[in-house]
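# Architecture at a glance
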Amino acid sequence: MRDGLEVLEERGFVKQCTDLEALRNRLHTEEVTFYCGFDPTHSSLHAGHLIPLFAMAHLARAGHRAIALVGGGTARIGDPSGKTEMRQMLSVEEIKSNAQSIREQISRFIDFKKGKAVLEDNAKWLANLNYIDFLRDIGRHFSVNRMLSYETYKARLETGLTFIEFNYQLLQAYDFLVLFKKYGCRLQIGGDDQWGNIVAGMDLIRRVEGEEAYGLTFPLVTRADGKKMGKTEEGALFLNSNFTTAYEFYQYWRNVPDQDVERFLLLYTFLPVEEIGKLGKLKDKEINFAKEKLAFEITKIVHGEEKANNAREAAKAAFDRSQAEGNRSAIPYVTVSGTALSEGISAIELFTKTPLCSSNSEARRLINQGGAYINEKKITDINERIDSSWLEDDELLLRAGKKRYFRVIVEV
């Protein structure tokens, strides 16, 4: 059996490790318990969480024990890592509700039913901490000078770092210590912005328990076209279909730059490396097959096979009207009243009713630049009015640019 680290290295997950060879030897010779944390600052995880989720799954598949830690306690403070300003404070009730929502999303990657993996919430041990005892027993092991040397805090000092955020590293380090004592957890994994927090936890275990622990971080993933990874025109690419539909999720991956396809297949699917190598060699129009494979595989994992199939068929129907019948149902839609459409609705208003355009000015710009289509007819006049004569199969298919689609359905 491969040790799991080899899989992560081969697929491009490894950025930094506190002691690569020592960790490799331990993973190769014994079952290692590891953890990754997810603060429930929203009711859905997003594309930025996919790398740690896949990394957890690869290590678990290699025979190691995963702990998914929901930060019901740390979310009450907010991690300053990677942020230029303080995170919005959430109520305890919101955090609890968010925590419940993201558990199901994590379970699509890690199987908690067989007892091999563990799902924990750090609110269990953080919410009722005695502050004086915590400072005496844990805080005394932390050097302020060393904390300020980490990039996270250095960057925030320029814009302002609150005392409550300064405590975050102590709490995350304490999580690692608690999980070490409770489960024998020796490895924490996370994004590279977590390096300082992870090292602090390792150091705390060494000081308190006299034992060795390890840290492993992943690179920040960027797109070849310079766009921020996991961001759409509407905002973050969420894993919950209430915020990003399965179709929109599929389309995001279907439309990634050609240069990213092989790398993303390695990072965001479980396909064998050999198969990915063959897909990565495809060129020109053939690369679209690899993109469809990427989009289908990741959508299947996040939303299930049925929704992935529906999204794939809807995407094909949007591009090929000969396949349209019965296949477009997965394309998201808004409704308009039949009366309103009979009287006529301006093309600008119609586009702003959908996420394709966020404002009238954006819709005007889209039309003026030649990127607005309704039922594949280009809209060239910003004063164009759309009425029921435009309907095809009782709906309108709006397109912005080459690849963004949205339906408008008549409500009787």
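What counts, and where the lines are drawn
- Residues numbered from 1 in each chain as written.
- Predicted model: local features only at pLDDT ≥ 70, side-chain atom pairs only at ≥ 80, totals over all residues.
- Heavy atoms only, no water.
- Phe/Tyr/Trp six-rings, centres within 6.5 Å; stacked < 30°, edge-to-face > 60°.
- Helix = DSSP H or I, 4+ residues; strand = E, 2+ residues; numbered from the N terminus.
- Buried < 20%, exposed > 50% of the residue type's maximum accessible area, 1.4 Å probe, protein only.
- Axes fitted to C-alpha atoms, helices over the stretch in contact; angles between N-to-C directions.
- Parallel < 35°, antiparallel > 145°, perpendicular 65-115°, else oblique.
- Left-handed = near helix turned anticlockwise from the far one by under 90°.
- Contact = heavy atoms within 4.5 Å.
- Nonpolar A, V, L, I, M, F, W, Y, C, P; charged D, E, K, R; others polar.
- Salt bridge = Lys/Arg side-chain N within 4 Å of Asp/Glu carboxyl O.
- Patch = residues over 30% accessible without salt bridge, like charges linked within 9 Å, V, L, I, M, F, W, Y side chains within 5 Å.
- Areas by Shrake-Rupley, 256 points an atom, 1.4 Å probe, with all protein chains shown as cover.
- Pairing = 2+ DSSP bridges.

Enumeration according to the criterion identifies twelve aromatic pairs in this entry. Here the aromatic rings of Y35 and F176 are separated by 5.6 Å at their centres, their planes lie at 65°, and the arrangement is edge-to-face. Of this pair, Y35 sits in strand β2 (residues 33–38) while F176 sits in helix α10 (residues 168–183); the two residues are 141 residues apart in sequence, bridging distant segments of the chain. Here Y35 matches F176 in class, with each residue buried.

A separate point is the packing of α10 against helix α11 (residues 195–209). Put simply, α10 and α11 touch, their axes get as near as 8 Å, and they point 50° apart. By the angle between their axes, α10 is oblique relative to α11. In this structure, α10 crosses over α11, and the sense of that crossing is right-handed. In this structure, α10 contributes Y168, Q169, Q172, A173, Y174, F176, L177, F180 and K181 to the contact, and α11 contributes G196, N197, I198, A200, G201, M202, L204, I205, V208 and E209. Residue classes in the contact of α10 with α11 are distributed as twelve nonpolar, five polar and two charged.

So, on to the pattern of salt bridges. Enumeration according to the criterion identifies 24 salt bridges in this entry. One salt bridge connects E120 with K124, and the closest N-O pair in it is separated by 3.0 Å. Linked by salt bridges that have partners in common, R146, D203, R206 and R207 make up one network.

Moving on, we get to a nonpolar patch on the surface. Taken together, the side chains of Y131, I132, L135 and F163 make up a nonpolar region of the molecular surface, amounting to roughly 440 Å² of accessible area. The element that contributes the greatest number of residues to the nonpolar patch is helix α6 (residues 131–137), accounting for three residues. Relative to the helices and strands, F163 is located in helix α9 (residues 163–166). Note on F163: relative accessible area 58%, which makes it exposed.

The strand order across the open sheet built from six strands is β1-β6-β5-β2-β3-β4, with neighbouring strands paired in mixed fashion. Because the sheet does not close on itself, it has two edges, and the strands there are β1 (16–17) and β4 (118–121). Examined bridge by bridge, β2 and strand β3 (residues 65–70) share six bridges and lie parallel to one another. Along β3, the bridge assignment pairs Y35 with I67. Each of β2, β3 and β4 touches helix α4 (residues 92–106); the most contacted strand, β3, lies at about 155° to it. α11 rests against β1, β5 (187–191) and β6 (214–218) of the sheet, and its axis sits at about 170° to β6.

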